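Understanding the architecture of this molecule
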Amino acid sequence: HRGLRAQGVASRATCSGLGRSRMKPGRLVVAASLVGAASYLVSVANAAPRFDNACLMSGVASTGPRFDNAALRTLRVSADFHGPARQIIGSHFVRTRPHSLSAPQVVASSPAALELVGLANLDEEMLARVLSGNELLPGSEPAAHCYCGHQFGAFAGQLGDGAAMYLGEVFSPTLGRWELQLKGAGPTPFSRSSDGRKVLRSSVREFLASEAVHCLGVPTTRAASLVTSASTVVRDVRYDGNARPEACAVVARVARTFVRFGSFEICRPTDPQTGRTGPNARTAGGAGESPARSEPLVLELVDYVAESFLGLVDSAPGSQERALALLESVCASTAELLARWQGLGFTHGVLNTDNMGILSDTIDYGPYGFMGHFDKLFTPNSSDNSGRYCYDRQPAAVEWNVAKLGQTLALAGALDAAAATACTDSFRAAYERAHLAIFRRKLGLTDVASDAADAQLVAGLLETLDVSSADMSLSFLALGGLPRAVHKSATTEGTAGGENGAAAEGAAAAEVKRALSRLAQVGTSRARAAKISAPSLPVQAIRQLAAIRASEPAKLGMYGLDEETVDFNLSRLSRLEEIARLSDAGKLERDAQAWRAWIDRYVARLALEGREVGEAEGEALLRREAAMARSNPAFVLREHLLQAAIAQAECGDFGGVRSLLARAQAPYFPGPPSSDAQWAALLESLPSDDALDFVLT
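Notes on the structure follow.

Cut-offs and rules
The numbering scheme is per chain: residues are counted from 1 as the chain's sequence reads. Per-residue local features of the predicted model are confined to residues with pLDDT of at least 70, and side-chain atom pairs are confined, for both listing and counting, to 80 or more; whole-chain, interface and lining totals are unaffected and use all residues. Hydrogens and water molecules were not included; the side-chain quantities draw on all heavy atoms of the structure. Runs of E in the DSSP output that reach at least two residues are strands. Runs of H or I that reach at least four are helices, and both are numbered from the N terminus. Note on exposure labels: buried denotes an accessible area under 20% of the residue type's maximum, exposed denotes more than 50%, and partly exposed covers the range between, all computed with a 1.4 Å probe on protein chains only. By definition in these notes, contact holds between two residues if any of their heavy atoms fall within 4.5 Å. Methods summary: accessible areas were calculated by the Shrake-Rupley approach with a probe of 1.4 Å, and residue burial reflects only the protein chains presented. Geometry of aromatic contacts follows a simple scheme: Phe, Tyr and Trp rings, the Trp one being its six-membered ring, pair when their centres are within 6.5 Å, and the pair is stacked under 30 degrees between planes, edge-to-face over 60, tilted otherwise. Ring-over charges, as used throughout, are those where CZ of Arg or NZ of Lys falls within 6 Å of the ring centre and within 35 degrees of the ring normal. Within this scheme, the nonpolar core is defined by two criteria: the residues are buried Ala, Val, Leu, Ile, Met, Phe, Trp, Tyr or Cys, and they are joined through side-chain atoms within 4.5 Å. Angles shown run from 0 to 180 degrees and are taken between the N-to-C directions of axes, each axis being a line fitted to C-alpha atoms and, for helices, limited to the stretch in contact. Throughout, the term roughly parallel applies to angles under 35 degrees, roughly antiparallel to angles over 145, roughly perpendicular to angles from 65 to 115, and oblique to all others. Under the convention adopted here, Pro, Cys and the residues Ala, Val, Leu, Ile, Met, Phe, Trp and Tyr are nonpolar, Asp, Glu, Lys and Arg are charged, and Gly plus all remaining residues are polar. Within this document, salt bridges are pairs made up of a side-chain nitrogen of Lys or Arg and a carboxyl oxygen of Asp or Glu, the two lying within 4 Å of each other. A helix is expected to reach a length of 1.5 Å times the quantity of its residues less one.

1. Some words on the overall build of the protein chain
A tally of regular secondary structure across the protein chain gives 25 helices and 15 strands. The proportion of buried residues among the 697 residues of the protein chain is 53%. Taking all contacts inside the protein chain whose residues are at least 6 apart in sequence as the whole, residues at least 24 apart take part in 72%. Roughly 28600 Å² of accessible area belongs to the protein chain as shown, and the carbon and sulfur atoms make up 54% of that amount.

Rendered as structure tokens:
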């Protein structure tokens, strides 16, 4: 309570809700027992951050961030402070407090992200104290956000910030408004049975991914710092019963807002499939029913996002026009985000509605992965046995989530159901346009050919990548010299002819040969392709499940499985069996034939590119090459590199994490790798067989 007063927070009876039962029609909210409440108050007193060094905090106050916590002023904040895990009713936020860590230490930090929240001038010692949650910055108001979510297609009810904590919003005239959040700072009222802590290995992944994805030019939340500690929690890494203590860590996350699709689901009625209900539902009907009246919590959230971040101030607050404008904006920006993911081979891994930001930032880096050797069924999430969120099905998953957002707004009375459906039905076309634009840039193409023709060329490329299991990132770099070679051949043939034309044509043929050679180098052996394609379930089990589905499909549910899981594993098994039928030489020849056929089409398409009217020779080519260079990274955060950095960090050596951060901050070459030395260095970034085996297990 004194800590809250030190920050200027209203000194209401912050723990007045503890030990008090609250009954509402249709639901029971379990309050803490008197003994539990007393134990909780003692734990808060022992773990709450303190201002141990008044002079030091005074210095931060004079030079540090200026908090302007608009979300807490605008949206509803629970009158109860922190407390045990429970349903949060009638509020978007509940105030809470981070719990202290022992001997916090900075593993790495991002100066650019720290600058956004006014913390770039703090030294490592102070950063460790402030961004571990051990000390609170003047003006920060810790709170946890209430949201729900559809997880793997099923409504899960209330989820909320169980391991994350809003600290406040920092505003500056030059950098704008940025929310600062701690992830792993201890339990909140949304932690359910968990301890609200994160461990070093998962925190390294989130910290590095946040900054790497930003540097790739993809909208994302940021990571200002990663702090580890001497405090530990027990975790079962492989879920095999061999739990061990692991170091607690905290990631300081930065975003314009962490409001997500699931934030709008807190008023959803009882779901007929799961029986779960949003904590603020007013109707007990199913998801197809119309609401009895509009839900103010949802309308207020629509107004907050529309006014604060999207500039939608022309429509009236609470109006359907405003809600439709918000949904249209989300559809457009999410389609663009998804296309960027697909273009980089990035697979989120757990695209539940609670893991999709309302401003279309990549959010919540859990079991994500950048695809190395191409596999359209690639999923980095070992629990995704159905492949719902694999690379090839990622567009369908995002489209489903967008449709759920529209349905949620309609159920809350914020938007007419027909208008919501019409809006979300446009998502697929918007995504396909964005996807084509991304791959045109990656291939150095403009829109001189028809969309349909170029879409077929891109589809052929993805199929060839999948057949050959070639490395996605390096394959595009291998093609990087072809636009210039084809351009030179076409322009020389049309102007000089003779020997010069023949030389240019020969140079183009040589570049094609070099591209094919490099593509063979980033392909996969038969043995490696088999490892990559292995299904998640044992082969014999898959065959038995297929037989059960054919004879007694109702029995699948008895094993906790569904049609989607069987289909996904049958697809992987089919791919594995296809590889097994090939010899080592047969696979190499098949891959080479597929690439030769596709490159012939690509060269013919490149020949259609010309120059704009009144433009100097070569200007259009330079623009196309620049677009290729900005679209095809030489560095992505590969899993084996992450695992090596994590292993070092767990032994107290943070050099690997910092090195990966530095490499991630410059992921693009200024042009294609023209020299053999450049190409050889790129090949060294690929995992060895041992590293691949480790990653796959």
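Picking up where we left off.
2. So, the packing of aromatic side chains
One pass over the structure, following the stated rule, counts 12 aromatic pairs. Between Phe346 and Tyr365, the ring centres sit 6.3 Å apart and the planes meet at 70 degrees, which makes this aromatic pair edge-to-face. Taken together, the residues Phe346 in strand 14 (residues 346-347) and Tyr365 in the loop between strand 14 and strand 15 (369-370) connect sequence positions 19 residues apart. For Phe346, a relative accessible area of 2% corresponds to the buried category. Through a chain of ring-to-ring contacts, three or more aromatic side chains come together here, namely Trp341, Phe346, Tyr365, Tyr368 and Phe370. The aromatic ring of Tyr368 is capped on one face by Arg205, whose charged end is 4.3 Å from the ring centroid. In this structure, Arg268 packs its charged tip against the face of Phe155, placed 5.8 Å from the ring centre.

3. Focus: the nonpolar core
Judged by nonpolar contacts, the single largest core of 125 residues is most densely connected at Phe264, Ile358, Tyr602 and Leu637. The element contributing the most residues to this core is helix 9 (residues 320-344), with 11 residues. In contact with Phe264, not counting residues within four places along its chain, are Val259, Val298, Leu301, Val302, Val305, Ile358, Leu405, Thr408 and Leu409. Counting residues in hydrophobic clusters, the runner-up holds 31 residues, among them Leu116, Val130, Ala185 and Val254.

4. A short note on the packing of helix 17 (residues 526-533) against helix 19 (residues 563-580)
Each pair of packed helices can be described by the angle between their axes along with the distance between the axes. At a minimum axis separation of 9 Å, helix 17 and helix 19 run at an interaxial angle of 170 degrees. Judged on the interaxial angle alone, helix 19 and helix 17 are roughly antiparallel. The segment helix 17 lies against helix 19, with Arg526, Ala529, Ala530, Ile532 and Ser533 engaging Arg572, Arg575, Leu576, Ile579 and Ala580. Grouping the amino acids of the contact of helix 17 with helix 19 by side-chain chemistry returns six nonpolar, one polar and three charged.

5. Some points on the pattern of salt bridges
Counted according to the given criterion, the structure contains 43 salt bridges. Here Arg244 makes a salt bridge to Glu650, at a shortest N to O gap of 3.9 Å. Here the residue Arg244 occupies a position in strand 13 (residues 244-255), and Glu650 occupies one in helix 22 (residues 639-650), the gap between them amounting to 406 residues. Taking relative accessible area as the criterion, Glu650 reaches 39% and is therefore assigned partly exposed. Asp451 is the salt-bridge partner of Arg440, the closest N and O atoms lying 3.0 Å from each other.

6. Some remarks on the environment of Glu432
Tracing the chain through its elements places Glu432 in helix 12 (residues 427-443). What makes Glu432 partly exposed here is its relative accessible area of 45%. Separated by 96 residues in sequence, Glu432 and Glu336 place their C-alpha atoms 9.3 Å apart.

7. Here's the deal with helix 19
When the terminal C-alpha atoms of helix 19 are compared, their 25 Å separation across 18 residues agrees well with the 26 Å that a helix rising 1.5 Å per residue should span. For helix 19, every residue scored as buried is listed here: Thr565, Val566, Phe568, Asn569, Arg572, Leu573, Arg575, Leu576 and Ile579. Buried residues along helix 19 sit in contact with helix 13 (451-468), helix 17 and helix 18 (539-551).

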